[in-house]
4 protein chains.
Amino acid sequence: MTVKIAVAGASGYAGGELLRLLLTHPEVEIGALTAASSAGTKLAAHQPHLVPLAGRVLQETTKDTLAGHDVVFLALPHGHSAEIAAQLGPETLVVDLGADHRLADAGDWARWYGGDHAGQWPYGLPELPGAREKLKNTKRIAVPGCFPTGGSLALAPAFAEKIIEPDVTVVSVTGTSGAGKALKPNLLGSEVMGSASAYGVGGAHRHTPELMQNLGAIAGEAVTVSFTPVLAPMSRGILTTASAPLRRAADVYELYQKFYDGEPFVQVLPEGMWPTTAATLGSNNVQLQVAVDALANRLVVVAAIDNLTKGTAGGAIQSMNIALGFEETIGLSTVGVAP
Amino acid sequence: MTVKIAVAGASGYAGGELLRLLLTHPEVEIGALTAASSAGTKLAAHQPHLVPLAGRVLQETTKDTLAGHDVVFLALPHGHSAEIAAQLGPETLVVDLGADHRLADAGDWARWYGGDHAGQWPYGLPELPGAREKLKNTKRIAVPGCFPTGGSLALAPAFAEKIIEPDVTVVSVTGTSGAGKALKPNLLGSEVMGSASAYGVGGAHRHTPELMQNLGAIAGEAVTVSFTPVLAPMSRGILTTASAPLRRAADVYELYQKFYDGEPFVQVLPEGMWPTTAATLGSNNVQLQVAVDALANRLVVVAAIDNLTKGTAGGAIQSMNIALGFEETIGLSTVGVAP
Amino acid sequence: MTVKIAVAGASGYAGGELLRLLLTHPEVEIGALTAASSAGTKLAAHQPHLVPLAGRVLQETTKDTLAGHDVVFLALPHGHSAEIAAQLGPETLVVDLGADHRLADAGDWARWYGGDHAGQWPYGLPELPGAREKLKNTKRIAVPGCFPTGGSLALAPAFAEKIIEPDVTVVSVTGTSGAGKALKPNLLGSEVMGSASAYGVGGAHRHTPELMQNLGAIAGEAVTVSFTPVLAPMSRGILTTASAPLRRAADVYELYQKFYDGEPFVQVLPEGMWPTTAATLGSNNVQLQVAVDALANRLVVVAAIDNLTKGTAGGAIQSMNIALGFEETIGLSTVGVAP
Amino acid sequence: MTVKIAVAGASGYAGGELLRLLLTHPEVEIGALTAASSAGTKLAAHQPHLVPLAGRVLQETTKDTLAGHDVVFLALPHGHSAEIAAQLGPETLVVDLGADHRLADAGDWARWYGGDHAGQWPYGLPELPGAREKLKNTKRIAVPGCFPTGGSLALAPAFAEKIIEPDVTVVSVTGTSGAGKALKPNLLGSEVMGSASAYGVGGAHRHTPELMQNLGAIAGEAVTVSFTPVLAPMSRGILTTASAPLRRAADVYELYQKFYDGEPFVQVLPEGMWPTTAATLGSNNVQLQVAVDALANRLVVVAAIDNLTKGTAGGAIQSMNIALGFEETIGLSTVGVAP
């Protein structure tokens with residue numbers, strides 16, 4: 001079975017990564033590619049690495065250009081996907097890479113993003129408890145944010161087994177591609193190279209409520225998250241360091257191994273090895289390692305992902321595969337491009 | 001008054017940074033430069049950026065080559081400075097950039113470094129309460145580790161005013177020069193570029209007891225520190241994110257401003273600005289910003305330093321200036337090299 | 001038909017890239033992985049990105065461990081492959097990624113590498129005139145050097161059509177992975193990041209005679225090459241700028257398009273677009289663009305490749321595919337990983 | 001004697017570097033700082049590394065705000081300085097960091113930049129034959145472009161001694177800060193990191209006529225230059241590789257040493273050492289090395305500079321020092337910030 005897919009937002013980084021992966025997917029045919037201000041130009045001007053699609057012309061993002069596809073990926077700025085999604089028929093699988101359909105609570109949406117809440121869709125992080133079941137046969141998928149992907153997978157086993165207090169700190173070091181192609185001075189190469197900087201400090205980043213929602217659901221109680229993103233001089237990758245006070249002693253390494261046993265895209269590293277984002281570059285893999293800090297009586301977990309792959313486009317395709325009944329891993333790889 | 005200085009370990013990164021700064025210091029004459037395996041070679045082979053000293057020949061690090069200097073800087077691997085320091089006369093100002101004389105507790109030394117404890121020297125972080133006084137007229141200075149410099153200054157005001165619980169998490173993103181010129185595979189450019197990775201996770205890094213010692217002394221009670229260093233693709237810079245539960249409400253911005261009022265090398269940024277390591281490159285400056293995370297009821301502090309300057313060689317010279325009765329700021333700058 | 005392959009030198013960068021690509025190749029079974037000093041350790045310790053092979057134990061590189069494979073890749077230091085290759089039977093396809101079998105002239109070998117000449121094998125750059133034919137059914141392949149790959153393809157059309165003088169200058173900006181995992185001070189991340197430097201200047205680089213050999217064969221006359229490699233702060237990628245005096249006027253863009261028409265891995269970019277190494281990262285693609293410098297009456301060609309893929313391991317697999325009668329492109333991609 | 005200076009374009013990279021250096025200059029007082037769209041904002045928002053000037057408010061760039069200063073630096077986009085310069089009195093030393101007053105030939109100006117030619121001013125590259133004399137007591141200085149600085153100094157000795165043919169190729173690998181703070185997609189960190197790319201290929205870069213003008217004046221005959229700039233993933237630095245056919249045999253190393261003997265900011269490296277841009281970071285130094293390529297019968301010269309320092313702001317201050325009768329080296333350093 002071949003499905004026909006459209007990508008809205010094909011000129012951006014998320015859209016480009018979707019297409020890179022879909023080009024290797026055996027069950028898809030790449031249909032309409034759409035954009036906003038870049039409509040009418042060729043894809044090569046925006047994605048010179050996508051050689052087989054170089055001559056494709058970007059169309060406008062409208063109901064009509066997206067019609068007639070089995071799957072529509074929406075890689076649009078936050079707040080733009082709800083409107084276009086509402087115009088797509090219920091038989092179309094709509095995969096939203098934006099934030100519009102992630103949060104359950106309308107008050108949270110209003111507080112963190114503003115405007116009307118578009119409602120919550122099945123959440124595209126299959127490794128979370130219960131998530132995979134909800135993705136089967138769904139026609140609507142909310143792809144997680146890149147930081148919640150790493151942070152949730154880093155702490156899910158510990159909350160599922162109730163070994164930590166619901167009071168966590170998460171510091172995530174990220175490459176610049178997570179910020180997209182927005183032309184902001186602080187994203188210029190001259191500013192980024194040779195520099196590390198924090199932003200959204202003090203609970204100001206919009207991925208915070210999503211992390212709290214995910215972890216709270218697993219813990220069965222409210223979880224507070226002190227989240228700080230740090231921008232580092234690299235294009236891709238997120239390295240998340242998450243920690244929380246231990247509630248009780250546990251063989252945390254074994255606990256993590258068991259929790260993720262059989263998961264194709266989560267790898268608890270051999271003891272003594274620690275994750276590097278380089279090892280996950282371009283792959284859909286999550287690399288994890290855990291430690292108990294006996295001095296501070298805390299669990300510390302480090303997780304590496306590629307923000308554009310597992311953190312965005314790869315996670316989206318993994319969830320699409322589940323929704324359509326495909327083998328979950330097709331079109332995706334555990335193998336990174338290193339060094 | 002001109003003092004004659006010697007630098008032991010002149011071929012390494014800390015030694016190079018000392019010399020870079022001392023070349024601009026109006027009150028010093030640069031005497032012997034010594035090294036271990038590089039003795040007999042010219043400095044240009046190791047420090048091509050130190051043009052005025054290019055022709056200097058490195059000598060062996062011995063009591064004799066270091067004799068006859070007013071100040072001796074020891075930029076040696078941990079465990080090597082105590083022995084050579086013991087051979088230098090009490091009239092010589094010995095500034096140890098290694099760890100040998102930082103810890104007060106012999107048990108801590110044995111546990112974290114191994115071997116005999118060489119005793120504690122006045123601690124070269126003048127901004128800490130009481131530290132500046134102890135440095136005046138001293139003939140022995142223990143220069144802080146690079147991570148404890150940033151972490152201690154990030155949290156000192158909060159502990160001094162007792163607004164946080166003694167249970168902190170610190171994640172420090174560091175450039176590679178902190179690891180020195182050791183030829184290790186994980187420090188190769190091919191491995192480092194495009195990658196972030198954590199190490200010494202779970203309380204395993206040797207700077208942890210130093211941080212706990214500093215913060216405990218300010219707090220007047222034991223402080224636990226969950227410390228994680230993260231290696232990022234840049235040569236210089238440490239960006240520290242430190243947080244702790246708030247004990248009581250406070251105007252943290254004003255509190256930090258007051259605490260560091262008059263400090264020449266600590267800059268609490270204007271509200272809304274966050275530190276970048278680039279802005280401190282090559283300078284002796286610390287850039288700080290604070291936030292209260294109301295969701296998590298935590299104080300979050302971000303501090304940027306240049307690990308080789310304020311974090312090592314600049315801090316050493318600042319302390320030397322105090323010990324010798326010089327103006328504290330000579331030979332040092334608050335101005336970074338950016339972009 | 002599935003062939004069983006062995007990789008000698010599996011712990012290095014070239015070996016790792018071979019395995020990354022072979023994991024996607026539908027017609028191979030990965031057999032013995034061998035190494036020198038790393039024999040006995042697991043692959044995960046050296047190639048953490050190759051998740052499906054993480055538990056594989058490296059064997060010693062001997063005739064016995066390499067026996068019983070249809071294809072043996074030798075990713076060994078220069079001068080090591082000839083000896084081991086001589087011990088492999090004539091029925092085994094031996095693909096040498098080192099320099100041992102590239103040069104035709106024994107005097108050239110002695111001058112540039114020293115020691116006995118092992119003889120020349122069919123050259124694994126199928127896009128050169130006549131090369132593809134010689135690779136069919138061969139049992140011995142000499143994979144080109146990374147710089148000669150870019151430089152030869154940049155100038156082949158111009159020499160084939162005799163539009164330039166046989167006197168060229170080539171400056172190739174390269175990432176650090178081309179230097180392998182050798183633990184040299186100048187390859188440390190701290191030294192490489194933020195810095196550009198030339199090496200092997202003045203005709204001292206060993207890839208010079210290989211470039212001259214390739215271009216001379218196409219030109220039908222001796223070609224002198226002034227070649228300068230420049231190390232830049234990136235892990236992968238070579239950007240080659242090649243130029244030569246024009247012998248006669250020509251529509252160079254059309255000429256290049258025609259020459260490479262139908263080549264699956266050479267892409268003459270649309271007019272106005274210039275190559276970036278990022279667009280080729282992890283792909284087997286060569287991106288080319290040409291210009292006539294009317295002021296200087298020179299042809300200028302810019303070519304981008306991934307040094308580890310098209311420049312080493314990808315080129316090796318492409319040539320293996322030809323030798324074994326497979327579709328030339330299987331296991332390889334034109335799609336880069338960007339940004 | 002203290003002079004009062006103004007900087008027009010203080011929010012940009014060239015303006016920031018001027019101020020960084022002027023803060024260490026013992027004979028200047030920093031007066032008005034002006035900008036275009038950033039007028040009215042504080043300098044800290046644009047130059048967070050210039051701590052002592054953090055609170056300064058940017059004024060508009062007008063005749064009035066620049067009046068009353070002894071020296072006015074114009075760090076403005078090309079084509080903007082001529083107009084404002086014409087409004088500044090003849091007693092004011094005007095130092096133009098833009099291109100407006102570099103070219104002698106009105107036809108060249110029209111062809112490469114367009115519009116009316118503003119005339120040529122004394123050229124701020126004191127190391128060129130005769131240039132230093134023309135700078136003494138001048139009230140108008142045209143600061144060289146960053147590429148012509150490296151390229152001219154790389155080849156000046158060879159042309160002065162007539163040992164090369166007037167037909168040179170120059171490839172300059174540059175950091176991104178040379179492109180300024182312009183918000184262009186190809187200058188985003190995500191695009192730049194991990195990538196090398198050429199631009200202005202085929203004689204299209206505006207620094208080409210300036211290089212030809214400089215080299216032709218030294219050679220006493222027309223010199224053609226095939227110039228290609230390559231963008232590399234670093235903020236600062238230009239590494240220039242220049243080569244030309246040898247006209248006659250010569251001891252090129254000795255020739256270069258003699259030519260630059262006594263020059264404070266040009267360093268012919270010890271034989272066997274090659275320049276790195278890192279060694280010049282933040283310094284006003286030029287590092288040079290030469291080789292004869294016997295195979296190609298060419299001279300090859302490699303030169304490293306910091307594009308913002310010697311290539312722009314440092315060169316401007318060096319020339320100002322000469323014009324005002326100061327010691328040429330004050331406010332400038334030969335010492336780079338490395339690693």
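All figures in this text were calculated on a predicted structure; none of them were measured in a lab. (Residues numbered from 1 in each chain as written. Chains lettered and ligands numbered in written order. Predicted model: local features only at pLDDT ≥ 70, side-chain atom pairs only at ≥ 80, totals over all residues. Heavy atoms only, no water.)

1. Digging into the UniProt feature "domain: Semialdehyde dehydrogenase NAD-binding" (unreviewed entry) in chain A
UniProt marks residues 4-136 of chain A with the feature "domain: Semialdehyde dehydrogenase NAD-binding" (unreviewed entry), using the numbering shown here. In residues 4-136 of chain A, helix accounts for 24% and strand for 17%; the two terminal C-alpha atoms are 19 Å from one another. (UniProt positions renumbered as here; feature names shortened; annotations may be inferred. Helix = DSSP H or I, 4+ residues; strand = E, 2+ residues; numbered from the N terminus.)

2. Quick word on the sheet that holds strand β4 (residues 71-74) of chain C
All names here are of chain C. An order of β3-β2-β1-β4-β5-β6 is seen for the six strands of this open sheet, with the pairing classed as parallel. Two strands in the sheet have a free side with no partner beyond their single neighbour: β3 (59-60) and β6 (140-142). Direction of pairing for strand β1 (residues 3-8) relative to β4: parallel, over a ladder of four bridges. Looking across to β4, one finds that Ala-8 is bridged to Leu-74. Contacting β1, β2 (28-35) and β4, helix α1 (residues 13-22) crosses the sheet at an angle of about 160 degrees to β1. Helix-sheet contacts for helix α10 (residues 309-324) involve β1, β2, β4, β5 (93-96) and β6, and the interaxial angle to β4 is about 155 degrees. (Pairing = 2+ DSSP bridges. Contact = heavy atoms within 4.5 Å. Axes fitted to C-alpha atoms, helices over the stretch in contact; angles between N-to-C directions.)

3. Topic: the sheet that holds strand β4 (residues 71-74) of chain D
All names here are of chain D. Spatially, the six strands line up as an open sheet ordered β3-β2-β1-β4-β5-β6, and their pairing is parallel. Among the strands making up the open sheet, the edge pair consists of β3 (59-60) and β6 (140-142). As paired elements, strand β1 (residues 3-8) and strand β2 (residues 28-35) share five bridges and run parallel to each other. For Ile-5, the partnering residue across the bridge sits in β2 and is Ile-30. Of the strands in this sheet, β1, β2 and β4 touch helix α1 (residues 13-22), which is tilted by about 160 degrees from β1. Most of the contacts of helix α10 (residues 309-324) go to β4, to which it runs at about 155 degrees, and overall it touches β1, β2, β4, β5 (93-96) and β6.

4. Let's talk about the packing of aromatic side chains
The geometry of two aromatic rings is summed up by the distance between their centres and the angle between their planes. In total, this model carries twelve aromatic pairs over all chains according to the counting rule given. Aromatic side chains A:Phe259 and A:Tyr260 sit 4.9 Å apart centroid to centroid with 85 degrees between the ring planes, which places their arrangement in the edge-to-face category. A cation over a ring is seen here: C:Arg140 above C:Trp121, with NZ or CZ 5.7 Å from the ring centre. (Phe/Tyr/Trp six-rings, centres within 6.5 Å; stacked < 30°, edge-to-face > 60°. Lys NZ or Arg CZ within 6 Å of the ring centre and 35° of its normal.)

5. Remarks on the relation of the copies chain C and chain A
The two chain copies are connected by a rotation around an axis plus a translation along it. Overlaying chain C with chain A gives an RMSD of 0.0 Å, the required rotation being 180 degrees about an axis along which the chain moves by 0.0 Å. The symmetry that links the two subunits is that of a two-fold axis. No C-alpha of chain C lies nearer the rotation axis than that of C:Gly194, which sits 3.7 Å from it. Counting the interface residues of chain C, we find that 100% of their copies in chain A are interface residues as well, pointing to one common contact surface. (Least-squares fit on C-alpha atoms with pLDDT ≥ 70 in both.)

6. Overview of the relation of the copies chain A and chain B
You can overlay chain A on chain B at an RMSD of 0.0 Å; the transform is a turn of 180 degrees with a shift of 0.0 Å along its axis. When you check the interface residues of chain A against chain B, 100% turn up at the interface there too, and the contact is symmetric in its surfaces.

7. A closer look at helix α10 (residues 309-324) of chain A
For an α-helix the count is 3.6 residues per turn, leaving residues at separations of three or four pointing the same way. The terminal C-alpha atoms of α10(A) lie 19 Å apart, and with 16 residues this falls more than 12% below the ideal 22 Å at 1.5 Å per residue. Maximum bend of α10(A): about 45 degrees, positioned at A:Gly315. (Expected span 1.5 Å × (residues − 1). Bend = angle between axes of the 7 residues up to and from the residue.)

8. Points about the interface of chain C and chain A
Many descriptions give the size of an interface as the accessible area lost when the pieces come together. Counting from both sides, the interface comprises 27 residues of chain C and, opposite them, 27 residues of chain A. Together, C:His49, C:Val337 and C:Pro339 form the three largest contributors to the area buried by chain C at its contact with chain A, with a combined 28%. Where chain C touches chain A, the interface holds zero salt bridges. Where chain C meets chain A, there are ten residue pairs in polar contact (both at pLDDT 80 or more). Here the side of chain C that touches chain A takes three residues from α1(C), the largest share from any one element. Of the residues contributing to the side of chain C that touches chain A, the split by class is 15 nonpolar, nine polar and three charged. (Buried area = accessible area lost by both parts, 1.4 Å probe. Salt bridge = Lys/Arg side-chain N within 4 Å of Asp/Glu carboxyl O. Polar contact = N/O pair within 3.5 Å; in protein donor to acceptor, adjacent residues only side chain to side chain. Nonpolar A, V, L, I, M, F, W, Y, C, P; charged D, E, K, R; others polar.)

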